Number of protein chains: 2
Amino acid sequence: MVQSQQKLDRVLVRVQKLTPEKADQLIWVRARIHTSRAKGKQCFLVLRQQQFNVQALVAVGERASKQMVKFAANINKESIVDVEAMVRKVEQKIESCTQQDVELHIERIFVISQAEPRLPLQLEDCVRPDGEGDEDGRATVNQDTRLDNRVIDLRTTTSQAIFRLQSGVCQLFRDTLTNKGFVEIQTPKIISAASEGGANVFTVSYFKTSAYLAQSPQLYKQMCICADFDKVFCVGPVFRAEDSNTHRHLTEFVGLDIELAFNYHYHEVIESITDTMVQIFKGLRDKCQTEIQTVGKQYPSEPFKFLEPTLRLEYTEGVAMLREAGVDMGDEEDLSTPNEKLLGRLVKEKYDTDFYVLDKYPLAVRPFYTMPDPNDKKYSNSYDMFMRGEEILSGAQRIHDAQLLTERAIHHNIAYFYYVTNTLVAGKIKSYIDSFRYGAPPHGGGGIGLERVCMLYLGLHNVRQVSMFPRDPKRLTP
Amino acid sequence: MVQSQQKLDRVLVRVQKLTPEKADQLIWVRARIHTSRAKGKQCFLVLRQQQFNVQALVAVGERASKQMVKFAANINKESIVDVEAMVRKVEQKIESCTQQDVELHIERIFVISQAEPRLPLQLEDCVRPDGEGDEDGRATVNQDTRLDNRVIDLRTTTSQAIFRLQSGVCQLFRDTLTNKGFVEIQTPKIISAASEGGANVFTVSYFKTSAYLAQSPQLYKQMCICADFDKVFCVGPVFRAEDSNTHRHLTEFVGLDIELAFNYHYHEVIESITDTMVQIFKGLRDKCQTEIQTVGKQYPSEPFKFLEPTLRLEYTEGVAMLREAGVDMGDEEDLSTPNEKLLGRLVKEKYDTDFYVLDKYPLAVRPFYTMPDPNDKKYSNSYDMFMRGEEILSGAQRIHDAQLLTERAIHHNIAYFYYVTNTLVAGKIKSYIDSFRYGAPPHGGGGIGLERVCMLYLGLHNVRQVSMFPRDPKRLTP
C-alpha cells in the first residue's frame with residue numbers, strides 16, 4: 001500500500017502519451033487492468049487510464065519469468081498496477097485500443113491496489129449500445145444496478161465523457177458571463193421561507209426551529225440586484241421535494257442562475273441569456289467534440305442545432321402551431337409535457353433549430369414575482385427556453401416595485417400578511433419584499449438546469465445519466 | 001414603472017466612463033441619488049453607480065425650471081433616476097467623488113424607482129472606519145443592523161469590493177485547477193449518512209424518511225477518484241450544525257474542495273494545493289488591487305505576505321515553537337484556537353509569511369479516513385493550512401484500502417458494522433467503503449473555506465462580513 005513511505009523520482013507516463021515517438025524506450029506506467037488474457041507462456045493485458053487504453057504483454061523470456069507471467073495473469077481486473085515496460089511499435093494497428101500504434105513489453109509489474117475478484121458489473125456491459133448484443137444473450141445493465149455501483153459505472157468511456165462535458169458546460173457558462181461583466185454570488189441554501197411558495201419544499205431541523213432548503217436562489221439573486229451588483233450569476237444545488245419519478249426530475253439538481261438589471265425592455269435579458277447559451281453550444285461543439293462522439297457511440301443522436309440569433313416565438317404563436325397540429329388547448333393554459341415536446345418537433349420542422357425561446361406566458365401560470373405584460377394583463381413578461389423540445393430554463397422580468405409585489409404575493413397566497421403603518425408587508429417574505437423599498441432597478445433573469453442542458457445537448461433520455469450521484473424520491477445512495 | 005412598455009435606442013453611459021473625453025456631450029445616465037443638497041436655485045446631487053459616483057447639478061436657467069429644481073431636490077436618497085445631462089469639465093478636482101474631473105449639468109430627470117424617505121441605515125455610517133467620527137457623535141452601525149438590512153449594506157463601496165474579490169477567489173481557484181487538468185464535479189448535498197460522523201449534522205425530512213445535509217463533499221470527491229477522474233474539484237455549500245457563535249463559524253459556508261490521485265507521496269498533493277493558493281494570492285494582488293484598497297480604507301490591515309515555495313512545518317516543530325513560547329501542551333494534543341493564532345504570530349516573526357502548512361498531525365485528532373504515518377503510528381499523513389494564524393484548509397492523504405478504512409471506521413465508531421461473507425463491511429457508509437474494493441489509487445486533498453480565505457486575505461475580523469447572507473445558529477434571514 002502506498003502510504004507515502006518514500007519520494008520516488010520515477011516518471012509515470014500517461015497512457016495517452018504512448019505513441020510511436022516513445023518507441024524503444026523503457027518507461028513506467030500506472031494504469032488499471034482493463035482486460036487480461038493468458039495464453040501459454042504469454043499474458044496479454046489491456047491497460048486503461050480514464051478514456052485511454054493500450055495493449056501490454058508479459059512473455060516468458062529474458063526479461064520475464066514463468067512465475068511473473070502467472071502472477072500477471074492472476075491480477076484481478078480493475079486492479080491498479082505500475083509496470084515498467086519497453087514501448088514497441090506494432091505492425092498492425094490495434095483496433096481495440098485507443099493507442100493503436102504501440103504496445104508495451106512488460107519487464108516489471110507491481111500491484112498498487114488490488115480489486116476484488118468479482119465485480120458487481122462489467123464495464124463492457126455498461127457501454128454497450130441499447131439492443132446490441134441482445135441476440136448473443138449478453139448481459140445488459142439496468143440503470144439501478146449502474147447507479148448502485150456508480151463508482152464503477154463512472155469509469156466507462158461514456159461516463160468519463162459525459163462528466164467532462166458537464167464540467168465544460170459550467171466553465172463556459174461562467175466564463176461567458178464573467179466576460180460580460182457579471183459577478184458570481186453565493187446564496188444561502190438554508191432559508192427561513194419557501195421561495196416559490198410552500199409546496200415541494202424540504203424541511204430542515206435548525207437548532208430549536210425549522211427551516212427550508214432553497215428551491216432556487218431566486219429571492220437572493222434579486223436581492224443582489226437591489227444591492228447594486230447589476231449582473232450576477234450563481235452555480236449551486238437547488239432542491240425540489242417533488243414526488244416525481246420521471247426521466248427528467250431530480251430532487252436535487254444544479255442550477256445555473258442569472259439575474260441582471262436592464263435598461264428599458266426585458267428582451268435585453270433574453271438576449272443576454274440566449275447569447276450565453278449560444279456561447280455554451282459553440283464552446284461544446286469546438287472543445288468537447290471527442291466527448292460528444294464518445295457518448296454518441298453508445299447513445300447515437302442528431303447533432304444539436306441552433307440559430308443565431310436565437311428563435312423567439314410568442315406563447316400565442318406556439319399555441320396556434322399546436323392547435324394547427326390538432327391540439328385542443330385554452331389561451332391561458334400551461335403547456336403539458338407532451339405538448340412541449342410536440343411543439344419542439346413542430347419548431348424543429350419549421351425552423352430547423354433545437355433551441356428556442358417561448359415568450360409572453362400567461363400570467364396565471366407563472367410565479368407571483370413575474371411582471372405582468374403592460375398591454376394585456378392576461379399575459380406576462382416571462383419566457384421559457386427549450387432544448388430538443390424540453391424546458392431547460394424558466395425566466396421573466398421580475399416585479400421591482402414593492403407595492404405591486406405585495407399585491408401579487410397576496411393574490412398568490414404566499415405566506416401571510418399584516419399591516420404596519422399603512423403599508424401592507426409580507427410576513428414570511430418580508431425581508432425579500434423590503435429589498436424593493438429602497439430603490440430597485442428593472443431586472444430579469446432565469447434559472448437553467450445543468451443536468452437537463454447536458455442530457456438534451458447529448459440527446460440522452462434520462463437525467464440520471466448526467467447526475468453523478470442522482471437524488472430522486474427513491475434514491476439517496478450512494 | 002419600467003414594465004418593458006417600449007424598446008428605446010437611448011444609450012446609458014456608465015458613471016465610470018464619465019471622464020473629460022465626454023466633455024460637452026449631452027448624455028443619459030441611470031444612477032442612484034447618493035446625496036442631495038438644495039441651495040437656492042440650485043440642487044447638487046451625487047449620483048452613484050456601484051463603487052463610482054459623480055457630481056450633478058440642476059440649476060434654474062435656460063434648461064431647467066424652478067419646478068424641476070424643486071422636484072429634483074425632493075427625490076429621496078437611494079432612488080434610481082435617469083438623467084439627461086451635459087458633461088462639463090471642472091476647474092477644481094471634486095475630491096469627494098470618484099469622477100473628479102467632470103460634473104453633470106442636468107437637463108431632464110426621471111425617477112425610475114423611488115426609495116422610501118426613511119432608510120433603515122445610512123450608507124456613510126456603514127463605511128466609516130471603526131472609531132472615526134465617535135467624537136462627533138456620529139452613528140455607527142452594528143453588525144446585526146447591517147445584516148438585517150443587508151440589501152442596503154451591500155451597496156457600500158466596502159461590500160461591493162469584498163464580494164467582487166470573493167467572486168475573483170472562486171474564479172482563480174477554478175481557473176488554476178482547470179489549467180492543471182482538474183475536472184469540476186457536482187456532489188449531492190442531501191445524503192443518507194453523515195460524512196464526518198454523526199455530530200453537528202442537520203437533518204432533512206425526505207419524503208417518508210429522513211436524510212442529512214452534507215458536512216463536506218469528502219466521501220463523494222473520493223468516490224470520483226475511485227471512478228478514475230484523477231483530479232477533481234468542487235465549489236459548493238457545506239453545512240455544519242455547530243452551535244458556535246464565534247467570529248469564524250457559520251452553519252452554512254462555501255467549500256472549495258480538491259481531491260487528487262498522487263504517484264508516490266502525499267506531498268505531491270500539498271504542493272498542488274499550495275501552488276493553487278499561491279496562484280490565488282497572486283491573482284488577487286494583481287487583479288483586485290482596487291478592491292483591496294477600498295476595503296483597506298474602512299478596515300486597514302497589513303498586505304498579505306506569502307513565500308514561494310510555501311513554508312511547510314511539521315506538527316512537532318509547531319509544538320516545539322509553542323513550548324518555547326511558554327505553552328504547555330502534549331504531543332498528541334490538537335491546537336486550540338489561541339495556540340493556532342499564537343503559532344501564526346511566531347511563524348510570521350520567524351519566517352515573514354502569513355501563509356504556511358502544518359504537516360503530520362497526530363492521528364488521534366483527525367477523521368477516520370486519514371492515512372496513518374507509515375513510520376510512527378501516533379502521527380498521520382495530514383495537514384492544515386493557515387492564513388494570518390487561522391485555519392483555512394484541512395486535508396490529508398486518505399486511506400484507499402477498504403480493509404484499513406473499515407478498521408479505522410470501527411475504531412472511530414462511525415455508523416455500525418456487520419459481517420458479510422468474511423468481510424467486515426460498514427452499514428451506513430457501506431457504499432463509501434465499497435468504492436475502495438475495486439481498485440483505488442493513492443490520493444489526498446483538502447477543503448478550503450471560501451469565506452475564511454476572503455476574510456483573512458483582507459485582514460477582516462468577522463466571517464459574516466464576507467458572507468452575503470450569513471447563516472449562524474441565531475440568523476436565518478434575510
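Residues numbered from 1 in each chain as written. Chains lettered and ligands numbered in written order. Predicted model: local features only at pLDDT ≥ 70, side-chain atom pairs only at ≥ 80, totals over all residues. Heavy atoms only, no water.

A.B. asks: Even after reading the chapter, I still don't get the overall build of chain A, so can you show me in this structure?
C.D. replies: Within chain A one finds 13 helices and 18 strands. Expressed as lengths along the three principal axes of its C-alpha atoms, the size of chain A is roughly 95 × 55 × 40 Å. Classification of the 478 residues of chain A by burial places 61% in the buried group. If you take every contact in chain A between residues at least 6 apart in sequence, the share linking residues at least 24 apart comes to 68%. Summed over its atoms, the accessible surface of chain A is roughly 19600 Å², and 46% of this surface lies on carbon and sulfur atoms. Taken together, the 60 basic and 63 acidic charged side chains of chain A have centroids lying 7 Å from each other. (Helix = DSSP H or I, 4+ residues; strand = E, 2+ residues; numbered from the N terminus. Buried < 20%, exposed > 50% of the residue type's maximum accessible area, 1.4 Å probe, protein only. Contact = heavy atoms within 4.5 Å. Areas by Shrake-Rupley, 256 points an atom, 1.4 Å probe, with all protein chains shown as cover. Lys, Arg positive; Asp, Glu negative; His and termini not counted. Charge placed at Lys NZ, Arg CZ, Asp CG, Glu CD.)

A.B. asks: In this structure, what is going on with the packing of aromatic side chains? I would like to understand it.
C.D. replies: What characterises a pair of aromatic rings is the spacing of the ring centres plus the angle enclosed by the ring planes. Within the structure shown, the criterion is met by 36 aromatic pairs over all chains. Each ring, one from A:Tyr315 and one from A:Tyr361, has its centre 4.5 Å from the other, and the planes form 50°; the classification is tilted. Of this pair, A:Tyr315 sits in helix H9 (residues 315-324) while A:Tyr361 sits in the loop between strand E13 (355-359) and strand E14 (382-387), and the two are 46 residues apart along the sequence. In this structure A:Tyr315 comes out as buried when scored by relative accessible area, which is 1%. The class for A:Tyr361 is buried, based on a relative accessible area of 1%. When the centroid spacing of 6.1 Å and the interplanar angle of 5° are considered together, the rings of B:Tyr266 and B:Tyr383 count as stacked. Of this pair, B:Tyr266 sits in the loop between strand E11 (252-261) and helix H7 (267-287) while B:Tyr383 sits in strand E14 (residues 382-387), and the two are 117 residues apart along the sequence. (Phe/Tyr/Trp six-rings, centres within 6.5 Å; stacked < 30°, edge-to-face > 60°.)

A.B. asks: Teacher, can you tell me more about the sheet that holds strand E6 (residues 183-184) of chain A here?
C.D. replies: Across a sheet, strands are paired by hydrogen bonds formed along the backbone, either parallel or antiparallel in direction. Spatially, 8 strands are ordered E6-E10-E11-E18-E15-E14-E13-E12 (chain A) in an open sheet, and the strand pairing comes out mixed. Taken across any chain shown, the strands that pair with only one partner, and hence form the sheet edges, are E6 and strand E12 (311-314) of chain A. (Pairing = 2+ DSSP bridges.)

A.B. asks: When you look at the relation of the copies chain A and chain B in this model, what are you seeing that I'm missing?
C.D. replies: The two chain copies are related to each other by a rotation about an axis together with a translation along it. Of the transformation superimposing chain A on chain B, the axial component is 0.0 Å and the angular component is 180°, with the fit at an RMSD of 0.0 Å. Viewed as a symmetry operation, the transformation between the two copies matches a two-fold axis. Among all residues of chain A, the one whose C-alpha sits closest to the rotation axis is A:Val204, at a distance of 2.2 Å. When you check the interface residues of chain A against chain B, 100% turn up at the interface there too, and the contact is symmetric in its surfaces. (Least-squares fit on C-alpha atoms with pLDDT ≥ 70 in both.)

A.B. asks: Please explain helix H6 (residues 218-226) of chain B as it appears in this structure.
C.D. replies: Count 3.6 residues to each turn of an α-helix, and residues three or four apart come out pointing the same way. Residue and element names in this part refer to chain B. Along H6, 9 of the 9 residues are buried, which leaves the element largely enclosed by surrounding structure. Turning to H6, its buried residues are Gln218, Leu219, Tyr220, Lys221, Gln222, Met223, Cys224, Ile225 and Cys226. Two residues or fewer after H6 comes Asp228, characterised by a positive phi angle close to 75°.

A.B. asks: Sorry if this is basic, but what is going on with the sheet that holds strand E5 (residues 102-113) of chain B here?
C.D. replies: Residue and element names in this part refer to chain B. The sheet built from 5 strands closes into a barrel, its strands ordered E1-E2-E3-E5-E4 with mixed pairing. This sheet shows a mean twist of 55° between the axes of neighbouring strands, independent of strand direction. Taken together, the 8 bridges between strand E2 (residues 42-49) and strand E3 (residues 52-59) define a ladder with antiparallel strand orientation. What sits directly across from Cys43, in E3, is Val58. Relative to the sheet, helix H1 (residues 66-73) contacts strand E1 (26-39), E2, E3 and E5, its axis offset from that of E5 by approximately 70°. (Axes fitted to C-alpha atoms, helices over the stretch in contact; angles between N-to-C directions.)

A.B. asks: For this particular structure, what's the right way to read the interface of chain A and chain B?
C.D. replies: By a frequent convention, interface size equals the accessible area lost on bringing the separate parts together. The interface of chain A with chain B comprises 109 residues on the first partner and 110 residues on the second. Around 9300 Å² of area is buried between chain A and chain B when both sides are counted, 58% of it from carbon and sulfur atoms. For the interface between chain A and chain B, the tally reads 10 salt bridges. We note a salt bridge from A:Arg174 to B:Glu184, for which the minimum N-O separation is 2.7 Å. Our count for the chain A to chain B interface comes out at 62 residue pairs in polar contact (both at pLDDT 80 or more). Here the side of chain A that touches chain B gets 11 residues from one element, more than from any other, and that element is helix H5 (residues 157-179) of chain A. Grouping the amino acids of the side of chain A that touches chain B by side-chain chemistry returns 52 nonpolar, 30 polar and 27 charged. (Buried area = accessible area lost by both parts, 1.4 Å probe. Salt bridge = Lys/Arg side-chain N within 4 Å of Asp/Glu carboxyl O. Polar contact = N/O pair within 3.5 Å; in protein donor to acceptor, adjacent residues only side chain to side chain. Nonpolar A, V, L, I, M, F, W, Y, C, P; charged D, E, K, R; others polar.)

A.B. asks: What should I look at first to understand unusual backbone geometry in this one?
C.D. replies: Trans peptide bonds make up most of the peptide bonds, and negative phi angles are found at most residues other than glycine. Backbone torsion omega between A:Glu308 and A:Pro309 reads -5°, so that peptide bond is classified as cis. Turning to its location among the elements, A:Pro309 is positioned in the loop between helix H8 (289-298) and E12. Non-glycine residue A:Asp230 carries a positive phi angle of around 75°. Within the element layout of this structure, A:Asp230 appears in the loop between helix H6 (218-226) and strand E10 (231-239). One non-glycine residue with positive phi stands out, namely B:Arg388, at about 45°. Tracing the backbone shows B:Arg388 in the loop between E14 and strand E15 (390-397). Looking at B:Arg388, the relative accessible area reads 22%, which means it is partly exposed.

A.B. asks: What exactly am I supposed to notice about the pattern of salt bridges here?
C.D. replies: Pairing is possible between side chains of opposite charge, provided their charged atoms come close. Across all of its chains, the model carries 80 salt bridges over all chains by this definition. For A:Asp82, the salt bridge identified is with A:Arg30, shortest N-O distance 2.7 Å. Remark: A:Arg30 occurs in strand E1 (residues 26-39) and A:Asp82 occurs in strand E4 (residues 80-89); sequence separation between them is 52 residues. Across the pair B:Asp352 and B:Lys305 runs a salt bridge, and its minimum N-O distance is 3.3 Å. Linking B:Asp352 in the loop between helix H10 (337-351) and strand E13 (355-359) with B:Lys305 in the loop between helix H8 (289-298) and strand E12 (311-314), this pair joins segments that are 47 residues apart in sequence. Here B:Asp352 falls in the partly exposed class, since its relative accessible area comes to 38%. Members of the salt-bridge network, linked through shared partners, are A:Arg32, A:Arg48, A:Glu78, A:Arg155 and B:Asp228.

A.B. asks: Is there a simple way to explain the confidence of the model for chain A in this structure?
C.D. replies: Should pLDDT be low for a region, the predicted coordinates there are not to be read in detail. Residues and elements named next belong to chain A. Here chain A shows a mean pLDDT of 93. Residues at 70 or above account for 95%. Scored below 50 in pLDDT, residues 417-426 makes 19 contacts in the model with residues more than four places away or belonging to other chains. If you check the scores for this complex, the pTM reads 0.95 and the ipTM reads 0.95. (pLDDT = per-residue confidence, 0-100.)

A.B. asks: So what exactly am I meant to see when it comes to the packing of H7(B) against H8(B) here?
C.D. replies: Residues and elements named next belong to chain B. With their axes 5 Å apart at the nearest point, H7 and H8 run at an angle of 80° to one another. Relative to H8, the element H7 is oriented roughly perpendicular. Facing H7, whose interface residues are Leu284, Arg285 and Lys287, H8 presents Gln289, Glu291 and Ile292. For the contact of H7 with H8, a count of residues per class yields 2 nonpolar, 1 polar and 3 charged. (Parallel < 35°, antiparallel > 145°, perpendicular 65-115°, else oblique.)

A.B. asks: I tried to follow the environment of B:Gly283 on my own but got confused; where do I start?
C.D. replies: Residue and element names in this part refer to chain B. Take Gly283: it is sitting in helix H7. As a C-alpha pair, Gly283 and Ser65 span 218 residues in sequence and 51 Å in three-dimensional space. Contacts of Gly283, omitting those with residues within four sequence positions, involve Leu172 and Cys288.

A.B. asks: Sorry, what's going on with the pairing of E12(A) here?
C.D. replies: The side chains of a regular strand alternate between the sheet's two faces. Residue and element names in this part refer to chain A. Residues of E12 alternate between two faces, with Leu311 and Leu313 buried on one and Arg312 and Glu314 left unburied on the opposite face. Pairing of E12 with E13, which is carried by 4 bridges, proceeds in the parallel orientation. What sits directly across from Glu314, in E13, is Asp359.

A.B. asks: Where do I start with the state of the cysteines in this structure?
C.D. replies: Formally, a disulfide is one covalent bond, and it connects the sulfur atom of one cysteine to the sulfur atom of another. All names here are of chain A. Under the defined criterion, the tally for this structure stands at 0 disulfides over all chains. In this model Cys224 remains outside any disulfide bridge; the closest cysteine sulfur is found in Cys234, 8.1 Å from its own. Given a relative accessible area of 0%, Cys224 falls into the buried group. (Disulfide = S-S within 2.5 Å.)

A.B. asks: It is not clear to me how the environment of A:Val278 should be interpreted in this structure. Could you clarify?
C.D. replies: Residues and elements named next belong to chain A. Within the secondary structure layout, Val278 lies in helix H7 (residues 267-287). Separated by 32 residues in sequence, Val278 and Thr310 place their C-alpha atoms 8.0 Å apart. Those residues within four positions of Val278 in sequence are excluded, and the remaining contacts are Phe306, Leu307, Glu308 and Thr310.

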